[in-house]
Amino acid sequence: MKKTQTGITSIQAKQLHEQYGYNVIPEKKESHLKRWLKQFWGPLPWLLELVAVLSFYSGDQIEGGIIIVLLIVNSLISSFQQFHTDAALKQLRSSLQINARVLRDSKWSVLPISDLVPGDLVRLRAGDIVPADMQLFEGSLSVDQSSITGESLPAEINNNGDLFSGSVVVRGEATALVVSIGNKTKYGLTAELLETSHPPTHMEKIVFTIIKYQFVFNLILIIFISLFILLGHHNVSDLLPLIIVLLMTSVPIAFPTMFSVSQTFGAAQLAHLHGSNGILVRRLAAIQDCAAMDVLCTDKTGTLTQNTLSISQLVTYSGFNETELIQFAAACSNQSDQDPIDKAVFECAYAKDVKFPKALNFVPFDPLTKKTSAEITYSGFRQKVIKGLPELIAGAADKVPESFASDLTRLSGKGYRVIAVSIGKSNENQKLVGLIAFEDPIRSDSKELIKQLNFHGIDVKMITGDNTETARSVAEQLGMNAKVISASRLSDDPSLVLTHNVFAEAYPKDKILIITELQKSGLSVGMTGDGVNDAPALHQAEVGIAVSTATDIAKNSASCILVKPGLVDILDVVRVSREVYQRIRTWALNKIIKSFEIALLIVIGFMLTKNVILTPLLGVLFLFANDFVTIALATDRAEAESAPAKWSLKKLIFSAVSMSIIMLVILSISLFIARSFLHFNYSELSTLAFVLLVLQGQASLYSLRSWPHFWRVRPSKTLFTSTIAVIIIIVIVALSGVIIHSVPINATWFFVLVPLVSLFSTDLIKRFLPIRDH
């Protein structure tokens, strides 16, 4: 591939697209038929299929046929929901496009990496993901290739060296020539933008634990009822239907679908909050994690501040003047990377018409050393210029001026970001040239943001590379009760993380230490960041949030990406995630309540009447009527709680069991009245119990979804329509006797009175239960 200093033209790029295609890897998609057939494979489908086979074997073809039809309906509903989830994820994936700085038509521009073609010149710097197979054209890079080659140490790539698609630039800056794109690259484009698979979240673990306990509880009931039947010489043929129904109530058939729909709906809400400037979600599980976030660790520059640096003051030493200070600083900067500090230096140099020497050898900023260096020719000699953190630069100088400490304290106390510049023949023989103070105004919304986050129970901790005086000044401007500490002290006493909220002079390793220490104390941690040095911390935190100006690797390590500047949109992430949590908790609680109620009804009912009150067919119908209709809850209106979401397993089970007992008492009284006074036979009682269980399920759902009363929050059209539809269908089926035994017309008053009594009873009692005290 021919190298050129001007890059290719747009016309050439179009021709190359026709020849090579676009820089994308075609996705391997599973066929719709295969995915649909998978719906019939698993513990619950096996159980339902067994029930259908037993029904056919016993000669009840109608019941067996109904179960088969319901299985097919279940598979179609799940496939439909998966289709919509995939469509939403595809839309999010297209929004999370990585861009590259490309030389086209002799000028640098930012293009999506999918537009790259062989022959393009691309500018790479620390934090970038290598977008194609490339050959280094100019400069040198330290590249992490561990994700594609397995090598743990970064590779040093120099002129004419090979770069592979998917590797990450750790240090350095360079221009590289695109050699291969798309599926023609050696390893393929490995920088996946959207993570859909993930280990179970805290919320999922809680729900799975409850399901496990519920299964054990039902297993104990199965053993108990089996002994009761065998020892009491009752009809053994009744045992199998009892076991099947008890097992069915232990398996939450709609649980995966509910989680998937809720999280996808939440991600879609965030993506469209501000039109095209929404919040992009990389990891769906972050929707749950953010609901439980206790602490938000945030960088200062570009997040809480405007990141529009301008030089405010210059202080010179050792006989140097301000022009020389700007000259040396400019020689030690790079225009192509648009670094805020470098940009401010160049703006000052151009404004003052300062001519600066060309760097003979430039070493870009390294977050590990906190400095940038360059070699220039000055006064006829080759000398080295260094700019960076004042304390480090002064530590390497031959002599530190007496006023240095007071000057640094004075400038830092005003909230300025201060760097020092030195020059010398080597790293050891440096003369301190002076200090440059940069003004980076606080964002107008940052103070209110911190106030609102605190109001919602989230503690904000600021982590910055600035010295303690600058950090204290900025924190006070933000209205934080600044408890400032140098991050270097944390290695001796990590517990200081819990008692301080501003960490100055922080290195990348300090961010990891802060986050892990907070996590060890049981806190759920969020982290914001923008640079390559933030990537490990963003990955470590439960909720990693990349800001709008973040590097590719920072975005790739984060859970969420803010499109608008600043952090104010984090409030929307918190609100929406807590709404999603509220919906999932309501669904889970309602499911637990009904499962306990049904299990107790079946066992107690059989012991008292020697009859199976709920047949396998009715159990299957209830699962579909209750579980899948309530999936509409995933798109319901919800109120976010004012504190982080916390689930206490004991309190949750206690609340669910208490409400299930209340429901069971109401249902038992109704069945007693129907049997003793209206003389319903057992077939009619069975149908009545099924209908009332469905109606009670809807009543408890509406009671749990809103606080303190069910009427406070209006249900969504989807939920309300689903509720009306299931009520109408169930009542018609019960009165007509189409697929189950019919009930007399005088049972209709039960259909009105029982759900209303259940609704108002649970609405009253829920306030005395620790449902929200988690």
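Residues numbered from 1 in each chain as written. Predicted model: local features only at pLDDT ≥ 70, side-chain atom pairs only at ≥ 80, totals over all residues. Heavy atoms only, no water.

Peer 1: Sorry, what's going on with the overall build of the protein here?
Peer 2: Tallying secondary structure elements over the protein gives 25 helices and 21 strands in all. Out of the 774 residues in the protein, the part that is buried amounts to 54%. On the protein, roughly 33,300 Å² of surface is accessible, and the fraction owed to carbon and sulfur atoms is 59%. (Helix = DSSP H or I, 4+ residues; strand = E, 2+ residues; numbered from the N terminus. Buried < 20%, exposed > 50% of the residue type's maximum accessible area, 1.4 Å probe, protein only. Areas by Shrake-Rupley, 256 points an atom, 1.4 Å probe, with all protein chains shown as cover.)

Peer 1: What is the right way to read the sheet that holds strand β17 (residues 484–486) from this model?
Peer 2: Through backbone hydrogen bonds, the strands of a sheet pair up, either in parallel or in antiparallel fashion. Taking strand neighbours across the sheet as the criterion, the 8 strands line up as β8-β21-β20-β19-β9-β16-β18-β17 in an open arrangement whose pairing is mixed. In this open sheet, the two strands that pair with only one neighbour each are β8 (279–281) and β17. Along the sheet, successive strands turn relative to each other by an average axial angle of 20 degrees, direction set aside. (Pairing = 2+ DSSP bridges. Axes fitted to C-alpha atoms, helices over the stretch in contact; angles between N-to-C directions.)

Peer 1: What am I meant to see in the nonpolar core here?
Peer 2: For soluble globular proteins, nonpolar side chains are generally found buried alongside one another. The biggest cluster of nonpolar side chains holds 73 residues, and the ones touching the most others in it are Met462, Leu478 and Ile570. Sort the elements by how many residues they give to this core and helix α20 (residues 570–609) lands first, with 13 residues. Apart from residues lying up to four places away in sequence, Leu478 is in contact with Leu304, Ile442, Ser446, Lys447, Ile450 and Met462. One finds Ile244, Ile598, Leu601 and Leu621 within the second-largest nonpolar core, a separate group that totals 57 residues. (Core = buried A, V, L, I, M, F, W, Y, C linked by side-chain atoms within 4.5 Å. Contact = heavy atoms within 4.5 Å.)

Peer 1: Help me out: how do you make sense of a nonpolar patch on the surface in this one?
Peer 2: On the surface, Phe215, Val216, Leu219, Ile220, Ile223, Leu227 and Leu231 cluster together to form a nonpolar patch covering roughly 670 Å² of accessible area. Mapped onto the secondary structure, Leu219 falls in helix α6 (residues 202–231). Classification of Leu219 as partly exposed rests on a relative accessible area of 39%. (Patch = residues over 30% accessible without salt bridge, like charges linked within 9 Å, V, L, I, M, F, W, Y side chains within 5 Å. Salt bridge = Lys/Arg side-chain N within 4 Å of Asp/Glu carboxyl O.)

Peer 1: What is the right way to read the packing of helix α7 (residues 239–250) against α20 from this model?
Peer 2: The relative placement of two packed helices comes down to the angle between their axes together with the axis-to-axis distance. Their axes nearest at 9 Å, the elements α7 and α20 cross at an angle of 165 degrees. When the interaxial angle is binned, α7 and α20 end up roughly antiparallel. The chirality of how α7 crosses α20 is left-handed. Of α20, the residues touching α7 (which contributes Leu242, Val245, Leu246 and Thr249) are Lys591, Ser595, Ile598, Ala599, Ile602, Val603 and Phe606. Residues of the contact of α7 with α20, tallied by class, amount to 8 nonpolar, 2 polar and 1 charged. (Parallel < 35°, antiparallel > 145°, perpendicular 65-115°, else oblique. Left-handed = near helix turned anticlockwise from the far one by under 90°. Nonpolar A, V, L, I, M, F, W, Y, C, P; charged D, E, K, R; others polar.)

Peer 1: Before we go on, may I ask you to explain the packing of helix α23 (residues 682–704) against helix α25 (residues 748–765) in this structure?
Peer 2: At a minimum axis distance of 8 Å, the contact between α23 and α25 shows a crossing angle of 35 degrees. Along this stretch, α23 crosses α25, giving a crossing that reads as right-handed. Listed contacts from α25 to Leu688, Val691, Leu692, Leu695, Gln696, Ala699, Tyr702 and Ser703 of α23 are Phe750, Phe751, Val754, Pro755, Ser758, Leu759, Thr762 and Asp763. Looking at side-chain class alone, the contact of α23 with α25 contains 11 nonpolar, 4 polar and 1 charged residues.

Peer 1: Mind showing me how you'd approach the pairing of strand β2 (residues 107–112) here?
Peer 2: Successive side chains on a regular strand alternate, one facing one side of the sheet and the next facing the other. Inspection of the sheet shows strand β1 (residues 99–104) paired to β2 by 6 bridges, in the antiparallel sense. The residue of β2 that forms the bridge with Leu103 is Trp108.

Peer 1: Can you help me understand the packing of aromatic side chains in this one?
Peer 2: Here the distance between the centres and the angle between the planes together describe a pair of aromatic rings. All chains considered together, the criterion is met by 11 aromatic pairs. An aromatic cluster of three or more residues is present, and its members are Phe320, Phe328 and Tyr378. Above the ring of Tyr507, the side-chain terminus of Lys370 is found at 5.2 Å from the ring centroid. Lying over the aromatic face of Phe381, Lys425 brings its terminal NZ or CZ to 5.4 Å of the ring centre. (Phe/Tyr/Trp six-rings, centres within 6.5 Å; stacked < 30°, edge-to-face > 60°. Lys NZ or Arg CZ within 6 Å of the ring centre and 35° of its normal.)

Peer 1: Before we go on, may I ask you to explain the sheet that holds strand β11 (residues 361–366) in this structure?
Peer 2: The 6 strands are arranged β10-β15-β14-β13-β12-β11 in an open sheet whose pairing can be described as antiparallel. Only two strands of the sheet have a single neighbouring strand rather than two, namely β10 (310–316) and β11. Averaged over all pairs of adjacent strands, the angle between their axes in this sheet comes to 20 degrees, without regard to strand direction. Of the pairings in the sheet, the one linking strand β13 (residues 381–388) to strand β14 (residues 417–424) comprises 5 bridges and is antiparallel in character. Counterpart to Gly388 in the pairing with β14 is Ala420. The sheet strands contacting helix α11 (residues 340–351) are β10, β13, β14 and β15 (430–439), and the helix crosses β10 at an angle near 75 degrees.

Peer 1: Help me understand the side chain of Ser142 in this model?
Peer 2: Positionally, Ser142 belongs in strand β4 (residues 133–144). Polar contacts involving the side chain of Ser142 include one to the side chain of Glu156, which spans 3.1 Å. For Ser142, the residues in contact, after removing those within four places along its chain, are Pro154, Ala155, Glu156, Val168, Val169, Val170 and Arg171. (Polar contact = N/O pair within 3.5 Å; in protein donor to acceptor, adjacent residues only side chain to side chain.)

Peer 1: Looking at this structure, how should I read the environment of Ile72?
Peer 2: By secondary structure assignment, the location of Ile72 is in helix α4 (residues 61–95). Considering only alpha carbons, one finds Ile72 and Phe40, 32 residues apart in sequence, at a separation of 8.4 Å. Filtering out sequence-adjacent residues up to four positions away, Ile72 remains in contact with Trp36 and Phe40.

Peer 1: Please clarify how the pattern of salt bridges should be interpreted in this entry.
Peer 2: For side chains bearing opposite charge, pairing can occur when the charged atoms are close. By the definition in use, this model includes 23 salt bridges. A salt bridge links Asp120 to Arg104; its shortest N-O distance comes to 2.8 Å. Residue Asp120 is found in the loop between β2 and β3 (121–125), and its partner Arg104 is found in strand β1; the two are separated by 16 residues along the sequence. This pair shows no difference in class: Asp120 is buried, exactly as Arg104 is.

Peer 1: What's the story with helix α24 (residues 717–736) in this structure? I'm lost.
Peer 2: Spacing of three or four residues puts side chains on the same side of an α-helix, whose turn is 3.6 residues. Taking 1.5 Å per residue, 20 residues should reach 28 Å; α24 reaches 28 Å between its end C-alpha atoms and fits that length. Phi turns positive one or two residues past the end of α24, at Gly737, with a value near 70 degrees. (Expected span 1.5 Å × (residues − 1).)

Peer 1: It is not clear to me how the state of the cysteines should be interpreted in this structure. Could you clarify?
Peer 2: When the sulfur atoms of two cysteines share a covalent bond, that bond is a disulfide. Under the definition given, this model contains 0 disulfides. We note that Cys560 lacks a disulfide partner, and the nearest cysteine sulfur, in Cys290, lies 6.4 Å from it. (Disulfide = S-S within 2.5 Å.)

Peer 1: What exactly am I supposed to notice about the pairing of strand β9 (residues 295–298) here?
Peer 2: A two-sided burial pattern is seen for β9, the buried positions comprising Val295 and Cys297 on one face and Leu296 and Thr298 on the other. With 3 bridges joining them, β9 and strand β19 (residues 525–529) adopt parallel strand pairing. Bridge pairing links Val295 to Val525 in β19. Across 4 bridges, the pairing between β9 and strand β16 (residues 459–463) is parallel. Its bridge partner lying in β16, Val295 is registered against Asp459.

Peer 1: Explain unusual backbone geometry here, please?
Peer 2: For residues besides glycine, phi is generally negative; the peptide bonds are generally trans as well. Following Trp707, the chain continues into Pro708 via a peptide bond in cis, with omega recorded as 5 degrees. Among the secondary structure elements, Pro708 is positioned in the loop between α23 and α24. The backbone of Asp105 shows a phi angle near 55 degrees, a positive value even though the residue is not glycine. Along the polypeptide, Asp105 turns up in the loop between β1 and β2. When its relative accessible area of 36% is taken as the criterion, Asp105 is described as partly exposed.

Peer 1: Looking at this structure, how should I read the side chain of Ser412?
Peer 2: Tracing the backbone shows Ser412 in helix α13 (residues 404–413). A distance of 2.8 Å separates the side chain of Ser412 from the side chain of Asn467, its partner in a polar contact. Within the structure, the side chain of Ser412 is placed 3.2 Å from the side chain of Thr470, a separation counted as a polar contact. Setting aside residues up to four positions removed in sequence, Ser412 forms contacts with Val418, Asn467, Glu469, Thr470 and Ser473.

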